[in-house]
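Observations on the model geometry
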Amino acid sequence: MKKIWIVGSLGHMGQALIRLLDMMEYELYETDKDELDITDEHAVSLFMHRNRPDVVINCAGYHPSAGAAQSETDMAYKVNAVGARNLAQSAESIQAKLIQISTDDVFSSASDTPYNEFDDVNPVGLFAKSKYAGEKFVIQLMTRYVIIRSSWIYGIGKDFLNEVLEAAADPQISTMELLNNDRAVPTSAAELARVVKFFIDNDHYGIYHAVCSGGSCTRLEFAKEILRLAGKEDRLTVTVKDGTPEKYSVLDNMMLRLTGIEEPSGWRETLASYMKETGGLE
Ligand SMILES: NC(=O)c1ccc[n+]([C@@H]2O[C@H](COP(=O)([O-])OP(=O)(O)OC[C@H]3O[C@@H](n4cnc5c(N)ncnc54)[C@H](OP(=O)(O)O)[C@@H]3O)[C@@H](O)[C@H]2O)c1
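A quick note: this is a predicted structure, and the numbers were derived from the prediction, not measured. (Residues numbered from 1 in each chain as written. Predicted model: local features only at pLDDT ≥ 70, side-chain atom pairs only at ≥ 80, totals over all residues. Heavy atoms only, no water.)

1. Notes on the pattern of salt bridges
To keep it simple, the criterion reads: Note on definitions: salt bridges are taken to be side-chain nitrogens of Lys or Arg within 4 Å of carboxyl oxygens of Asp or Glu. Runs of E in the DSSP output that reach at least two residues are strands. Runs of H or I that reach at least four are helices, and both are numbered from the N terminus. Relative accessibility thresholds used throughout: buried, under 20% of the residue-type maximum; exposed, over 50%; partly exposed, between the two (1.4 Å probe, protein chains only).
Within the structure shown, the criterion is met by 13 salt bridges. Across the pair Glu225 and Arg228 runs a salt bridge whose closest N-O atoms are separated by 3.0 Å. One end of the pair, Glu225, and the other, Arg228, are both in helix H7 (residues 219-230), three residues apart, so they sit about a helical turn from each other. Judged by its relative accessible area of 43%, Arg228 falls in the partly exposed class. What emerges from the salt-bridge pattern is a single network uniting Lys97, Arg144 and Asp203.

Shown next, in the form of structure tokens:
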């Protein structure tokens, strides 16, 4: 039985993977910050050598707030870069495969064409820079790695979907003002987990973009679609703060296509079935 270590197991991706991966087929090790902090190099190495997983999936991440203080800056690099380094060097020492979940935020140049894996990155901001530093450590230290970049992941846990639905459920709130109106692709953690499973089972390596298909949307359009599906369009008016620039970080799943790997389903259909199954508030 293949041994899989899910790191950051309580987040959206960790939970989606635990649901998807059959315990009869895989032996799962699940850790989150409380059991194993990936910034602790010694603890990572000890766990790795004690359990000798075949595949390590790094779903851990730290998202600093806007205008972060120095302590948050350090923490972002500690988790997103040094944590990834700790996992990479330790996984390499036992010849394990590492699947690193990364972000569309590594792109930020003005564009109206989706970014593929061959486009130059341009990480701007603390989160983007620290995640990109994590990617670089993985590439430098590992032989068998997969970096999967995705965007606007939703599923079990707190996310934008919850924020919109909670605001719509609050009788005190009638409008919600968005502070950014980025354009990207909403991607369900369950759909992304199917892509991760492919890489667990198959030996393909390198950088892959994996977002839901069916085009992109702005934050405002995403919020409106959530409200429409919940039948709450009349309950909450969503607006965008005046003068908010639209950052473009739409990913193209080019490497999935070129390698013949099934792409995640359309974002609208996936969102609709997720809302139908869960009410959007898992
Ligand atoms: N969500 C998105 O829209 C999005 C988009 C693109 C890429 N990503 C990246 O994709 C990955 C998975 O995303 P996600 O949405 O599943 O993230 P998530 O829901 O925020 O989950 C991340 C998990 O990692 C844990 N964690 C934080 N610091 C840790 C540490 N030092 N050691 C061990 N675990 C730690 C978190 O615990 P706490 O909650 O207690 O801190 C949390 O349970 C992350 O790397 C994220 O950066 C996310």
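2. Quick notes on the environment of Ala76
Keep this limit in mind: Note on contacts: a residue pair is in contact if any heavy atoms of the two residues lie within 4.5 Å.
Looking at the element boundaries, Ala76 is found in helix H3 (residues 70-93). Given a relative accessible area of 0%, Ala76 falls into the buried group. The sequence separation of Ala76 and Glu35 amounts to 41 residues, and the corresponding C-alpha distance is 19 Å. With residues near it in sequence (within four places) discarded, Ala76 still touches Tyr62, Pro64, Ala81, Leu126 and Ser130.

3. Some words on the packing of aromatic side chains
Let me state the cut-off plainly: What counts as a ring pair is set by centres within 6.5 Å for rings of Phe, Tyr and Trp (its six-membered ring), and what kind of pair is set by the plane angle: stacked under 30 degrees, edge-to-face over 60, tilted for all other angles. Geometrically, a lysine NZ or arginine CZ counts as sitting over a ring once it is within 6 Å of the ring centre and also within 35 degrees of the ring normal.
Applying the stated criterion to the full structure yields 11 aromatic pairs. Relative to Phe47, the ring of Tyr29 has its centre 6.1 Å away and its plane inclined at 90°; by these criteria the two rings are edge-to-face. Of this pair, Tyr29 sits in strand S2 (residues 26-31) while Phe47 sits in helix H2 (residues 41-51), placing them 18 residues apart in sequence. Exposure remark for Tyr29: the relative accessible area of 16% places this residue in the buried category. Between Trp152 and Phe222 the ring centres are 5.7 Å apart and the planes differ by 5°, which places this aromatic pair in the stacked class. Of this pair, Trp152 sits in the loop between strand S5 (145-150) and strand S6 (153-154) while Phe222 sits in helix H7; the two residues are 70 residues apart in sequence, bridging distant segments of the chain. Look at Trp152 and you get buried, because its relative accessible area is 13%. Overall, the relative accessible area of 2% leaves Phe222 in the buried class. Taken together, the aromatic side chains of Trp152, Tyr154, Phe160, Phe222, Trp267 and Tyr274 make up a single cluster linked through ring pairs. Above the plane of the ring of Trp152 lies Arg219, whose end atom (NZ or CZ) is 4.3 Å from the centre. The lysine or arginine in question, Arg219, covers the ring of Phe160, its NZ or CZ lying 4.6 Å from the ring centre.

4. Focus: the side chain of Ser150
We apply this condition: In protein, a polar contact requires one atom able to donate a hydrogen and another able to accept it; more generally it is a pair of N or O atoms within 3.5 Å, and residues adjacent in sequence count only if both atoms are side-chain atoms.
With respect to the helices, strands and loops of the structure, Ser150 is situated in strand S5. Of the residues examined, Ser150 reaches a relative accessible area of 2% and is grouped as buried. A polar side-chain atom of Ser150 sits 2.7 Å from the main-chain carbonyl oxygen of Ala210. Setting aside residues no more than four positions away along its own chain, Ser150 makes contact with Ser102, Thr103, Asp104, Thr187, Leu192, Ala210, Val211 and Leu251.

5. A few points about the UniProt feature "domain: RmlD-like substrate binding" (unreviewed entry) in the protein chain
This is how the line gets drawn: UniProt positions are given in the numbering used here, feature names are shortened, and annotations may be inferred rather than shown by experiment.
The UniProt record marks residues 3-277 with the feature "domain: RmlD-like substrate binding" (unreviewed entry), using the residue numbering of this structure. Taken as a whole, residues 3-277 contains 41% helix and 17% strand, while its terminal C-alpha atoms sit 30 Å from one another.

6. So, the site of the ligand
Test applied: The rule for a residue being near a molecule or strand is that one of its heavy atoms must lie within 4 Å of it. For accessible areas, the Shrake-Rupley method is used with a probe of radius 1.4 Å. Any residue's cover is judged against the shown protein chains and nothing else.
The ligand sits among 23 residues. The nearest are Met13, Asp32, Asp37, Ala60 and Lys131. Within the side chain of Asp37, an N or O atom sits 2.8 Å from a nitrogen atom of the ligand. Backbone polar atom of Ala60 to an oxygen atom of the ligand: 2.8 Å apart, as the coordinates give it. Protein chains bury 78% of the 900 Å² of accessible surface belonging to the ligand in isolation. Those elements that place two or more of their residues in the shell around the ligand are helix H1 (12-20), strand S4 (97-103) and helix H4 (126-141). No other element matches S4, which puts three residues into the shell around the ligand.

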